[in-house]
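Here is what each chain is made of, one letter per residue.
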Amino acid sequence: MAKTNVNYFLHGGDYNPDHWLQYPDILKDDLKMMKDGKINTVTLGVFDWSSIEPSKGHYNFDWLDKIFEDINKIGGRVILATPSGAKPQWMSKEYPEINRVDGNGIRHTAGFRHNHCFSSPIYRREVKKIDTMLAERYGKNPALLMWHVSNEFSGECYCDLCANNWRKWVKNKYQTLENLNESWYMNFWGGAYSNWGEILPPNPLGESGVHEGMDLDWKRFVTDMTIDFYDAEAKTLREITPDIPITTNFMADGPDKDKFIPKVDLDYSKFAKHLDVVSWDSYPAWHNNYESLAETAMQVGYVHDQFYSLKHQPFLVMESTPSQVNWMPYAKSKKPGMHMLSSMQQIAHGSDSTLYFQMRQGRAGSEKYHGAVIGHDNSEDNRVFKEVAEYGKRLEKISEIQGAVKEPRVAIVYDWESNWTLNSAVGFGRPTKLGVQTLQKHYSIFWGQNIPVEIVRPDDDLSKYDLLIAPMLYLQTEDTMSSLQNYVRNGGTLVSSYLSGMVDSNDRVYLGGFPDKLQKLFGIKTKEMDTLHPNEHNTVKFGYTKYRTHDYDEVIEATTGNVLAAYQEDFFKQTPAVVENQFGKGKAYYIAARMGRDFLKDFYEPIIDQLHLTDDFVGNPEYEVSCQTRIKNGNKYHFLMNFSEATHTVELLKPAIDVETGEKVDSTIVLRKYEVRVLREA
Ligand code: GLA
Ligand code: ZN
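Reference entry: report on the structure contained in this document. (Residues numbered from 1 in each chain as written. Chains lettered and ligands numbered in written order. Predicted model: local features only at pLDDT ≥ 70, side-chain atom pairs only at ≥ 80, totals over all residues. Heavy atoms only, no water.)

## Let's talk about the overall build of the protein
1) Next: When its secondary structure is counted, the protein shows 17 helices and 26 strands.
2) Next: Relative to the compact-globule value of 26 Å for 682 residues, the protein shows a C-alpha radius of gyration of 26 Å, a close match.
3) Next: C-alpha atoms of the protein, sized along the principal axes, occupy 75 × 75 × 40 Å.
4) Next: Within the protein, counting contacts between residues at least 6 apart in sequence, those at least 24 apart form 74% of the total.
5) Next: Working note: accessible area of the protein is about 27,300 Å², and carbon and sulfur atoms make up 50% of it. (Helix = DSSP H or I, 4+ residues; strand = E, 2+ residues; numbered from the N terminus. Rg over C-alpha atoms; globule rule 2.2 N^0.38 Å. Contact = heavy atoms within 4.5 Å. Areas by Shrake-Rupley, 256 points an atom, 1.4 Å probe, with all protein chains shown as cover.)

Structure follows, in structure tokens:
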């Protein structure tokens, strides 16, 4: 982990002692229970502005001083949040401009959280003042480990100040109105601007969902403004405490509302560059009623890997739950053993922490039924507490792994802008775009065989990967196409698919069909796209096997490419469905139709063989048993995790030591339901 001086895994979480100032006994119990629960870190200060500055200019740091003192006494560390995630009531009243204005032009009143204007000079001034006070007061405190700026940045503001910043941003980017009107294709529906002053943020009362280039720029602008706000806070902190690393907690970027994964409209790949350490809040729906445990684990694994990949470095899980997530439609408990398994999975994928929301379950408020280390019963004889303590003990035993990295040779390309434009496109199958889900489907093939994967941007250094997977890369700039070409020309293997390379960075379709660079790279021309109804299928013959297509059948023509599979039905019967093309020293594959995992597994098998990607530790990979590997000081650490209720026998191809017991393990390991073993290759 960047720049901190700890050499153990962080275990702890969000703690709000200010909610309990009237209960001195509770505060005493907290400290004892933290020790007994093997908690070494607390996150203080999230949403605590009104406890620090209860009224304008009147400060109360006593409670915070006291908790710092107590945490020092028990040898713990503090991640200190700046309070900007929730502004005090008095401030909203005194300075209405700090309150966010929504897309309908309505200014919100005080209260709630994550609802300030990012532009307001007054809010920035107040934030700077309070951050300075916190940094000066606690900057040298030995317990201070890290800054946690604000909380889960998200959302947008449409106030006049923000609209002005938007106009400046637009003018700076496009310089002339001609250029702007052309870039945003404003003549469509008669929207052309004749004056910069006419430009408003896209909003539901006027422009939105029509001029998609404008919507895309708005998302870029919101990302820039959010980063600018974060940077202002980070600057204040860095000036006073240059050695304390800074983070802010990210959320999972998933469009799947049914699964209650929050949808985040910020480009984290840009944002991450401004952080010292990446951290995120992980709330998977374990034990749900729509997929297997292994399936949930695979998707969470993907997200962990994505956060690892933002800096190609260990990250922190800033929040997770010891038991229930109260805001899900059904707040299911974790079954015995699931806490150990799900938390170890975080570490296995590259986290250097397991932190929770929350340390103590609130007495009231909308999160009073959210899981916590310490429940309403205030008892150590509580199953959740015991499982947390047991996990803490195991984390201590494997602390030598803290800071260990990963060395994947496979990468999946994910581009926030491309995914935004794909999702906003009015066309194709509206419910069946499933961009992220498609990437996860490809990921699942590798996860199932314990082959590590990174999730990278098109402008990352691609040369370190042997296999690059870039399906549905809808928006591609000329630079992206060139780097894909260079990657393959120099010997890389690339896999792409339908719905790729269709629009430019202004969300305008490339004229003349599939861009020339991509035609050469894949050895194909694209002809037309057929979107299928649910339950409508074609058949593709690949080798001797037939596979069903769904959602998308793209009709293509092979030029220099070698046809590996063809459609079996419909008016494009016998035309190519999968094409392989030699380009320079490498190979590029184009998959024209959407097919299931049965196809992907068979498709990737020879590629995995040729590139020798197979895991050489577990001899009998099974989907329900995941093996993830971290590397440190020449040591390889393998986490074996059984994401099922059945017992599995794992065959090891190499001798290994159990990290927790120091004992040599047999070449055959029996993993019971939910069991996790942590091994070091001998
Ligand atoms: C988010 C927030 C926390 C809390 C949790 C509950 O991650 O950051 O303050 O509300 O959700 O799951
Ligand atoms: Zn605003």
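Having seen it, we continue.
## Focus: helix α5 (residues 121–138)
1) Next: Between its first and last C-alpha, α5 extends 25 Å over 18 residues, near the 26 Å set by a 1.5 Å rise per residue.
2) Next: On its buried side, α5 packs onto α2 (49–52), α3 (62–73), β3 (77–81), α4 (89–94), β4 (144–148) and α8 (212–240). (Expected span 1.5 Å × (residues − 1).)

## Concerning the coordination of the zinc ion (ligand 2)
1) Next: Only C117 (SG), C157 (SG), C159 (SG) and C162 (SG) from the protein coordinate the zinc ion (ligand 2), and they sit 2.3 Å from it.
2) Next: The coordination sphere of the zinc ion (ligand 2) comprises 4 donor atoms, whose angles at the metal cover 101 to 119°; the geometry is tetrahedral.
3) Next: The sequence motif formed by the donor residues of the zinc ion (ligand 2) is C-x39-C-x1-C-x2-C.
4) Next: On the accessibility criterion, C157 (4% relative accessible area) is buried. (Donors = N, O, S within 2.8 Å, 3.2 Å for Na, K, Ca; no water. Tetrahedral: all angles 85-135°; square planar, octahedral: opposite > 155°, others 65-115°. Buried < 20%, exposed > 50% of the residue type's maximum accessible area, 1.4 Å probe, protein only.)

## Re the site of ligand 1
1) Next: Surrounding ligand 1, one finds F47, R113, N151, E152, D281, Y283, E319, W327, F357, E367 and H370.
2) Next: Note that an oxygen atom of ligand 1 is positioned 2.6 Å from one of the side-chain N or O atoms of W327.
3) Next: At 2.3 Å, a side-chain N or O of E367 approaches an oxygen atom of ligand 1.
4) Next: Relative to its free-state accessible area of 310 Å², ligand 1 is covered by the protein chains to the extent of 96%.
5) Next: A per-class count over the shell around ligand 1 returns 4 nonpolar, 2 polar and 5 charged. (Near = heavy atom within 4 Å. Polar contact = N/O pair within 3.5 Å; in protein donor to acceptor, adjacent residues only side chain to side chain. Nonpolar A, V, L, I, M, F, W, Y, C, P; charged D, E, K, R; others polar.)

## Focus on the pattern of salt bridges
1) Next: One pass over the full model with this rule turns up 39 salt bridges.
2) Next: Between R597 and E295 there is a salt bridge, with its nearest N and O atoms 2.4 Å apart. Pair noted here: R597 is in helix α17 (residues 597–610) and E295 is in helix α10 (residues 293–311), with a separation of 302 residues, a long-range link.
3) Next: For R457, the salt bridge is made with D459, and the minimal N-O distance between the two is 2.8 Å.
4) Next: What emerges from the salt-bridge pattern is a single network uniting K66, E69, D70 and K73. (Salt bridge = Lys/Arg side-chain N within 4 Å of Asp/Glu carboxyl O.)

## Description of helix α13 (residues 416–424)
Note that an α-helix has 3.6 residues per turn; residues three or four places apart therefore point the same way.
1) Next: Along α13, 7 of the 9 residues are buried, which leaves the element largely enclosed by surrounding structure.
2) Next: Looking at the buried positions of α13, the neighbouring elements they touch are α8, α9 (268–271), α10 and α14 (435–447).

## Considering the pairing of strand β13 (residues 493–497)
Along any regular strand, the residues point their side chains to alternate faces of the sheet.
1) Next: Burial of β13 is extensive: 5 of the 5 residues sit out of reach of the surface.
2) Next: Of the two faces of β13, the one holding T493, V495 and S497 and the one holding L494 and S496 are both buried throughout.
3) Next: Of the strand pairs in this sheet, strand β12 (residues 467–470) and β13 are connected by 4 bridges, and their pairing is parallel. The residue of β13 that forms the bridge with L468 is L494.
4) Next: For the segment spanning β12, helix α15 (residues 478–489) and β13, crossover handedness is right-handed.
5) Next: For β13 and strand β19 (residues 586–591), the ladder comprises 5 bridges, and the chain directions are parallel. (Pairing = 2+ DSSP bridges. Right-handed = clockwise from strand over helix to strand, strands pointing away.)

## Quick word on the sheet that holds strand β2 (residues 41–44)
1) Next: With parallel pairing, 6 strands are arranged side by side in an open sheet as β5-β4-β3-β2-β1-β9. Edge positions in the sheet fall to β5 (246–247) and β9 (353–356), since each of these pairs with one other strand and no more.
2) Next: Sheet topology note: the strand β1 (residues 10–14)/β2 ladder contains 3 bridges and is parallel. Counted as the bridge partner of D14 is T43 from β2.

## Things to note about unusual backbone geometry
1) Next: Note the cis peptide between F357 and Q358, where omega equals 20°.
2) Next: On the secondary structure map, Q358 appears in the loop between β9 and α12 (383–397).
3) Next: The backbone of N450 shows a phi angle near 60°, a positive value even though the residue is not glycine.
4) Next: Tracing the backbone shows N450 in the loop between α14 and β11 (453–456).
5) Next: Relative accessible area serves as the criterion here: at 5%, N450 is assigned to the buried category.

## Quick look at the packing of α10 against α14
1) Next: One can describe the packing of α10 onto α14 by two numbers: an axis separation of 10 Å at closest approach and a directional angle of 105°. One finds that α10 runs roughly perpendicular with respect to α14. Together, A294, A297, M298, Q299, G301, Y302 and D305 of α10 and V436, L439, Q440, Y443, S444 and W447 of α14 make up the contact between the two elements.
2) Next: Per-class residue counts for the contact of α10 with α14 are 8 nonpolar, 4 polar and 1 charged. (Axes fitted to C-alpha atoms, helices over the stretch in contact; angles between N-to-C directions. Parallel < 35°, antiparallel > 145°, perpendicular 65-115°, else oblique.)

Note that all results are geometric; they support no functional claim without further evidence.
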